[in-house]
Amino acid sequence: QQGEITHIVGLESRGFVVGAVLANLIGVPFVMLRKKGSKYPGKLLESKSYDTEYSADTLVLQEGILGHTSRVLIADDLIATGGSIIASKQLIKRTGATVVGMACVINIKYLNKENLADETIVASETIHSLSDVIPGPPPTEPLKWSHESD
């Protein structure tokens, strides 16, 4: 169907967890984008270098996995400056694939609002709150952890 996602692409390394779960849930293949220097079989395509908050990186994708009929959702845990997302989108487009959107757990919008203004990003602003895992009203004092066994 037009607009349907055919692949989920996860960015190394926490994007592998987010992406693999999404791919499993919707029943499509999961593809890893790895950092340059990672062991990856076959011929590789490289992204342009991009800046993160603390370094410069390059991503690689195994050639032949994506093509002109692929409709891709990019998945990562967090989007900060947007450098890795933009580099991954450009790399994926070089295969002929279409990037239909991006999904993340946390999107730090004030760091990337200029870089990603025109991008479609689906984000959850929080993973879980205490009310999701502890029944009743939120605690008024910090939780105390004990290493003692009963």
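Bear in mind that the values here come from a model prediction, so they are computed numbers and not experimental data.

### Quick look at the pattern of salt bridges
Reasoning step 1: According to the stated counting rule, one finds three salt bridges in the structure shown.
Reasoning step 2: R34 is the salt-bridge partner of E12, the closest N and O atoms lying 3.2 Å from each other. Placement of E12 in the loop between β1 (7–11) and α1 (14–26) and of R34 in strand β2 (residues 30–35) is noted, with a sequence separation of 22 residues between them.
Reasoning step 3: With a closest N to O distance of 3.4 Å, K36 and E46 form a salt bridge. Of this pair, K36 sits in the loop between β2 and β3 (44–46) while E46 is found in strand β3, placing the two residues 10 residues apart along the sequence.
Reasoning step 4: A relative accessible area of 52% means that K36 is categorised as exposed.

### Examining helix α2 (residues 83–94)
Reasoning step 1: The terminal C-alpha atoms of α2 lie 17 Å apart, and with 12 residues this matches the ideal 16 Å at 1.5 Å per residue to within 8%.
Reasoning step 2: Turning to α2, its buried residues number three or more, namely G83, S84, I85, A87, S88, K89, L91 and I92.
Reasoning step 3: Backbone geometry just downstream of α2 places G96 in the positive-phi region, at approximately 100 degrees.

Conventions we followed
Residues numbered from 1 in each chain as written. Predicted model: local features only at pLDDT ≥ 70, side-chain atom pairs only at ≥ 80, totals over all residues. Heavy atoms only, no water. Salt bridge = Lys/Arg side-chain N within 4 Å of Asp/Glu carboxyl O. Helix = DSSP H or I, 4+ residues; strand = E, 2+ residues; numbered from the N terminus. Buried < 20%, exposed > 50% of the residue type's maximum accessible area, 1.4 Å probe, protein only. Expected span 1.5 Å × (residues − 1).

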